[in-house]
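# What the coordinates show
Residues per chain, in single letters:
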Amino acid sequence: MTDPRNPVLAGFHPDPSVVRVGEAYYLATSSFEYLPGIPIHRSTDLRTWELIGHVATRPGQLDLADVWTGAGAWAPTLRHHDGRFWLVITVVGQGCLLFSATDAAGPWSDPVVLAGVEGIDPDLAWDEDGTCYLTYSGLMVAGGEFEHGMQHLGIQQVRIDPVAGVALEEPRSLWSGTGGMFPEAPHLYRIDGRWYLMLAEGGTERGHAITIARGPGPMGPFEGCPQNPVLTARGTDRPVQNTGHGDLVQRVDGRWFVFCLGVRTRSMTRAFSPMGRETFASPVTWVDGWPVMAPVRLDAPAPAESWHEDFADGELPSWALGIRRFAGEYANCTERPGWLVVAADGSSMADLRPTCVAARQRHERMRVTALVDASQGVGGLVLRIDEAQWTQVVVGQGSIRARVQLHQVVQEVSVPWPSDEATLCIRTDDPYTEGGRPAGPDTIIVGYLDGDTEVPLLSFDGRYLSSEVGESFVGRAFGVVATAGRVAVDWLHYDGVDAPRT
Ligand code: 6LW
């Protein structure tokens, strides 16, 4: 069996948690302010993954309506015990939520809020007699605010009753790493009779690392691995940086792998990652009872990918995401068969809940085009990091208007367009050079098609829509937006390919 290819999940899919059940593997990742939330992917070889569903598919499961950017659904742990899938997650501003299901594809239960668990990155583990341990990072975000210098209690643990959803004791402190900031992402494993506590520390940026300790039982005491950190890219020029927040899995052939987050950085100093934190994997061997993790490598670009969405199924496509609410609240594919109709509600991309039908950007070079009928409104295409950093091109009311908004900095270009219909286009290309030096990770070009001719209206350095400049836990998302009335989209076409690395 071949190794997983990297990235395993392209586009912002950070904080992976993986579990093997029989001959299949299931992978859960963070989803922040997007809905449906907490995507679940499935594989039978760790190499090919299929999106099989989401944990949060209906109102009331996640309360995201007013969460700030990058908050929402953080860092799940996915496990399987006694015939059920269990997923525990922190929703910043809502608490530590426990979901369960008989089928990973869903439907998942409504959440149980684990009272008294203040922290992030919860993990579930059961010992031989069925006691359930919840281990988590004691970062105090309970108030939903996330400011520098907030309290951190280190790695905490309580025994819980997962069925009743209650903690059975007061939290105790465990080994909290080697001194890096933000000890987090704990996962507890019983392997060959020993208990291992694996963490991330150093922060999810360039200092990120995985450290591990082992002990005689699930409560420790734990001794740190002499080779800590067992995985990091800090101080290296590897193409995948920020590696950390890992989860271990043993494949049916006996080989072990760590699934972790990483970023594909671009620019002269490898400073920017437009797709944000994605899922990667790396082989693990065991030496003297300690894991040895190979550095995360980046595979050569996969073949170019194209797909054409004609909205003919009569339901929103599986890629359709809403921002802090479900897209079905304002978009449908039934009102005009074969078209996506999006109804504006007075919001814009600068608001928390825009009428936008989005999808993660998954390739370094992408081109999205769409045929838009604006006879009853104004709308078009958008590319965003969040409500403060985005670009759009819309048609309607006699013009085509391209706009880029970066906090208080706004540029808008408008051209007369008498037709109600237009084919709009947003794409990324190689970074332009400044005096021979390539700028940023790419260039973003926003415009429309006049017949087969692309007419760019504005272009800008893609660094401004990157997870670093956005200081955002997410990466780019593209999609359709309505800014006035009702907008219909006949088709949307996506072309994507990763740029070669010299
Ligand atoms: C996640 C935590 C983290 O819960 O970011 O910076 C949070 N580290 O591990 C969201 O990805």
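Reading the values: the criteria
- Residues numbered from 1 in each chain as written.
- Predicted model: local features only at pLDDT ≥ 70, side-chain atom pairs only at ≥ 80, totals over all residues.
- Heavy atoms only, no water.
- Helix = DSSP H or I, 4+ residues; strand = E, 2+ residues; numbered from the N terminus.
- Rg over C-alpha atoms; globule rule 2.2 N^0.38 Å.
- Buried < 20%, exposed > 50% of the residue type's maximum accessible area, 1.4 Å probe, protein only.
- Contact = heavy atoms within 4.5 Å.
- Lys, Arg positive; Asp, Glu negative; His and termini not counted.
- Charge placed at Lys NZ, Arg CZ, Asp CG, Glu CD.
- Near = heavy atom within 4 Å.
- Polar contact = N/O pair within 3.5 Å; in protein donor to acceptor, adjacent residues only side chain to side chain.
- Areas by Shrake-Rupley, 256 points an atom, 1.4 Å probe, with all protein chains shown as cover.
- Nonpolar A, V, L, I, M, F, W, Y, C, P; charged D, E, K, R; others polar.
- Pairing = 2+ DSSP bridges.
- Axes fitted to C-alpha atoms, helices over the stretch in contact; angles between N-to-C directions.
- Salt bridge = Lys/Arg side-chain N within 4 Å of Asp/Glu carboxyl O.

### Quick notes on the overall build of the protein
- For the protein, the helix and strand inventory stands at zero helices and 39 strands.
- Computed over its C-alpha atoms, the radius of gyration of the protein comes to 23 Å, within 12% of the 23 Å expected for a compact globule of 502 residues.
- The C-alpha extent of the protein, read off along each of the three principal axes, is 75 × 50 × 45 Å.
- Per-residue burial over the protein gives 60% buried out of 502 residues.
- Partitioning the intrachain contacts of the protein with sequence separation of at least 6 by distance along the chain shows that 58% fall at a separation of at least 24.
- The centroid of the 39 positive side-chain charges in the protein is displaced by 5 Å from the centroid of its 62 negative side-chain charges.

### Thoughts on the site of the ligand
- Taken together, Asp 15, Phe 32, Trp 74, Ala 75, Asp 121, Glu 184, Thr 204, His 245, Arg 277 and Phe 473 are the residues near the ligand.
- In the environment of the ligand, an oxygen atom lies 2.6 Å from a nitrogen or oxygen atom belonging to the side chain of Asp 15.
- For the ligand, the accessible surface in isolation is 300 Å², of which the surrounding protein chains cover 96%.
- Looking at the shell around the ligand, its residues break down into four nonpolar, two polar and four charged.

### A few points about the sheet that holds strand β1 (residues 17-21)
- Taken together, the four strands give an open sheet; going across it, the order is β1-β2-β4-β5, and neighbouring strands pair in antiparallel fashion. Two strands bound the open sheet, and with one partner strand each, they are β1 and β5 (50-56). Here the average twist between neighbouring strands, direction ignored, is 25°.
- With five bridges connecting them, strand β4 (residues 37-43) and β5 associate as antiparallel partners. Paired with Pro 39 across the strands is His 54, a residue of β5.

### Structural notes on the environment of Ala 271
- Structurally, the position occupied by Ala 271 is in the loop between β21 (256-264) and β22 (278-287).
- The partly exposed category is assigned to Ala 271, whose relative accessible area is 23%.
- Here the alpha-carbon distance between Ala 271 and Leu 62, two residues 209 residues apart in the chain, equals 33 Å.
- In this structure Ala 271 touches Arg 206, Arg 266 and Glu 468, once residues within four positions along its chain are discounted.

### Side note on the pattern of salt bridges
- Scanning all chains against the criterion turns up 32 salt bridges.
- Across the pair Glu 468 and Arg 206 runs a salt bridge whose closest N-O atoms are separated by 3.1 Å. Pair noted here: Glu 468 is in the loop between β38 (453-461) and β39 (477-497) and Arg 206 is in the loop between β16 (194-201) and β17 (209-215), with a separation of 262 residues, a long-range link.
- The residue Arg 362 makes a salt bridge to Glu 305 at a minimum N-O spacing of 2.5 Å. You can see Arg 362 sitting in the loop between β28 (356-360) and β29 (365-373) and its partner Glu 305 sitting in strand β24 (residues 305-309), a full 57 residues away along the chain.
- Overlapping salt bridges bring together Glu 33, Arg 324, Arg 384 and Glu 387 as one network.

### A closer look at the environment of Asp 420
- Here Asp 420 shows up in the loop between β33 (409-416) and β34 (421-429).
- Note on Asp 420: relative accessible area 42%, which makes it partly exposed.
- Separated by 48 residues in sequence, Asp 420 and Val 372 place their C-alpha atoms 8.2 Å apart.
- Those residues in contact with Asp 420, other than ones at most four positions away along the chain, are Val 372, Asp 373, Ala 374 and Ser 375.

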